Amino acid sequence: MDALVIHAPGDLRIEDVPTPEVGASQVRVRVRAGGICGSDLHYYQHGGFGTIRIQQPMVLGHEVAGVVEAVGPGVDTRVKGQSAGQSGGPSVGTRVAVCPSRPCGTCRFCQLGLQNHCLDMRYYGSAMRMPHVQGAFRQEMVIEANQAFALADGISDAEGAMAEPLAVALHAVNRAGPLLGKSVLVTGCGPIGALTIIAARRAGATHIVATDVVAQPLRKAAKVGADETINVAEQPEALARYGADKGQFDVLFEASGNERALRSAFEVLRPRGVIVQVGLSAAELTLPLNTLVGKEFDLRGAFRFHEEFGVAVQLINQGLVDLKPLVSATLSFRDAGRAFALAADRTQSMKVLLSFD
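Here's a quick rundown of the structure. Predicted model, so just to flag it, every value in this text is computed and none were measured.

Some thoughts on the overall build of the protein
Scanning the protein from N- to C-terminus turns up 10 helices and 20 strands. At 20 Å, the protein has a C-alpha radius of gyration in line with the 21 Å of a compact globule built from 357 residues. The buried share of the protein, taken over its 357 residues, is 55%. At a minimum sequence separation of 6, the contacts of the protein that also span at least 24 residues come to 68%. Counting only carbon and sulfur atoms, one obtains 50% of the accessible surface of the protein, whose full area is about 15,400 Å². Between the mean site of the 34 positive side-chain charges and the mean site of the 35 negative ones, the protein shows a separation of 2 Å.

Now the structure itself:
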């Protein structure tokens, strides 16, 4: 079975890796589509991000969807198409989105309902632990049955693969608190920023402004629901009008990981506004703490997700979100070099997917 294995920056190989036997509580999934995430790009371009570095060969990928090919003897499939969080499991032939998060369920954070902070987390395609957790960019994989979420008829494999980044955005929106009637600023309109716009609108935000330094992501942001888009590279003063009367925005979602974006947003966020930091930075940021204190901001982080994955699949299945405008291209995994180059070019692409058919 072929998989995409990263060895070093720029060294991405197609290799034959074994597929484990299907255990009692497991299913085997034939992977059909996988989305290239920002973390995959960091591994490919730089060998990691922050202090996280590849120390051994690792299969990349964690945004995938496919079809169930085999089911373990302990999986109850009496209700066809059941998904994680329910009593049953998917039957052979069920198309599924695969949740890449595997918390232990027993540590103190799991017991507190903070599974995304699990002390023994195994997250597909992550070099955060040794040995690394092998990823999902492979032709087939064996997963726990409760990681498989059934996709509705008519939902594409690409949409199913995007359940994971949508879950990240939903978690960020949950971290913000109630958004009904709120004015929202989203800085950084990559896939997570664009999906945060979608999630914020579903949560009741009535005015959403999006900023970026590249035109193409801003066009996508407008398509998925931003009321106004601002190219701060071309119009660096355009956001300033929202600074009147100590700031007009109730909530900031910072999705770029850029210090300048965060600092400029401080000027347009109202006193006691909420900041949700979603984007990761290559280096630690320096914040204007006097402004944070003086305006009594509430600064919150947003890291991965847990229950939001099931919600993401429900929203996709019921047609309550439209993710298709964010799909820029689908290329064969055998043409991974070109796919990763395209995914890294923000002037051309938003979300690039790999086909494993």
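A word on the sheet that holds strand β6 (residues 58-59)
Judged by pairing direction, the sheet is antiparallel, and its three strands sit side by side in the order β2-β1-β6 without closing on themselves. The two strands at the open ends of the sheet, each matched to only one other strand, are β2 (11-16) and β6. With two bridges joining them, strand β1 (residues 2-8) and β6 adopt antiparallel strand pairing. What sits directly across from Ile6, in β6, is Met58.

Considerations on the packing of aromatic side chains
This model, assessed by the stated rule, comprises nine aromatic pairs. On the basis of an interplanar angle of 55° and a centroid distance of 5.5 Å, the ring pair of Tyr43 and Phe49 is categorised as tilted. Aromatic ring contacts, followed pair by pair, group Tyr123, Phe149, Phe305 and Phe309 into a single cluster. Lying across the ring of Tyr123, Arg304 places its NZ or CZ 3.9 Å from the centre.

Description of helix α9 (residues 308-317)
For α9, a buried count of seven out of 10 residues is recorded, marking the element as mostly surrounded by other parts of the structure. Buried residues in α9 make contact with β8 (95-98), β12 (148-150), α3 (157-161), α4 (163-176) and α5 (191-202). Positive phi shows up at Gly319, right after α9, with a value of about 70°.

A short note on α4
Given 3.6 residues to a turn, an α-helix orients residues that are three or four positions apart in the same direction. Between its first and last C-alpha atoms α4 spans 20 Å; for 14 residues at 1.5 Å apiece the expected length is 20 Å, and the two agree. Extensive coverage of α4 is indicated by the burial of 12 of its 14 residues. The first or second residue beyond α4 is Gly177, which carries a positive phi of 85°.

Some points on the nonpolar core
Core analysis: the biggest nonpolar cluster contains 57 residues, and Phe253 and Phe309 have the highest contact counts within it. In terms of residues, this core owes the most to one element, α4, which gives nine residues. If near-sequence neighbours (up to four positions away) are discounted, Phe253 is found in contact with Ala172, Val173, Ala176, Leu179, Val184, Leu185, Val186, Thr187, Thr196, Ala200 and Val276. Core analysis: the next-biggest nonpolar cluster, separate from the first, contains 39 residues, Val64, Tyr124, Ala148 and Ala329 among them.

Brief notes about the pattern of salt bridges
The full count for this structure, using the stated rule, is 19 salt bridges. Notably, a salt bridge pairs Arg201 with Asp227, separated by 2.8 Å at the nearest N-O pair. Residue Arg201 is found in helix α5, and its partner Asp227 is found in the loop between α6 (215-223) and β15 (228-231); the two are separated by 26 residues along the sequence. Taking relative accessible area as the criterion, Arg201 reaches 29% and is therefore assigned partly exposed. Salt bridges sharing partners connect three or more residues here, namely Arg28, Glu69 and Glu140.

Some thoughts on the sheet that holds strand β14 (residues 207-212)
Hydrogen bonding along the main chain pairs the strands of a sheet, whether they run parallel or antiparallel. Here six strands make up an open sheet; going across it, the order is β15-β14-β13-β16-β17-β18 and the pairing parallel. Taken across any chain shown, the strands that pair with only one partner, and hence form the sheet edges, are β15 and β18 (298-301). Averaged over all pairs of adjacent strands, the angle between their axes in this sheet comes to 20°, without regard to strand direction. Inspection of the sheet shows strand β17 (residues 269-277) paired to β18 by four bridges, in the parallel sense. Paired with Val274 across the bridge in β18 is Asp298. α6 rests against β14 and β15 of the sheet, and its axis sits at about 175° to β15. On the sheet, helix α7 (residues 259-266) packs against β13 (183-187), β16 (249-254) and β17 and is oriented at approximately 155° with respect to β17.

Digging into the environment of Leu262
Among the structural elements, Leu262 can be located in helix α7. The exposure class of Leu262 is buried, given its relative accessible area of 3%. For the pair Leu262 and Thr106, spaced 156 residues apart in sequence, the C-alpha separation works out to 37 Å. With residues up to four places along the chain from it excluded, the contact list for Leu262 reads Leu252, Glu254, Ile275, Gln277, Leu285 and Leu287.

Remarks on the pairing of β17
Relative to β17, β16 runs parallel, the two sharing five bridges. Pairing of Glu254 across the sheet is with Gln277, part of β17. Between the parallel elements β16 and β17, the chain passes through α7 in a crossover that is right-handed.

Basis of the calculations
- Residues numbered from 1 in each chain as written.
- Predicted model: local features only at pLDDT ≥ 70, side-chain atom pairs only at ≥ 80, totals over all residues.
- Heavy atoms only, no water.
- Helix = DSSP H or I, 4+ residues; strand = E, 2+ residues; numbered from the N terminus.
- Rg over C-alpha atoms; globule rule 2.2 N^0.38 Å.
- Buried < 20%, exposed > 50% of the residue type's maximum accessible area, 1.4 Å probe, protein only.
- Contact = heavy atoms within 4.5 Å.
- Areas by Shrake-Rupley, 256 points an atom, 1.4 Å probe, with all protein chains shown as cover.
- Lys, Arg positive; Asp, Glu negative; His and termini not counted.
- Charge placed at Lys NZ, Arg CZ, Asp CG, Glu CD.
- Pairing = 2+ DSSP bridges.
- Phe/Tyr/Trp six-rings, centres within 6.5 Å; stacked < 30°, edge-to-face > 60°.
- Lys NZ or Arg CZ within 6 Å of the ring centre and 35° of its normal.
- Expected span 1.5 Å × (residues − 1).
- Core = buried A, V, L, I, M, F, W, Y, C linked by side-chain atoms within 4.5 Å.
- Salt bridge = Lys/Arg side-chain N within 4 Å of Asp/Glu carboxyl O.
- Axes fitted to C-alpha atoms, helices over the stretch in contact; angles between N-to-C directions.
- Right-handed = clockwise from strand over helix to strand, strands pointing away.

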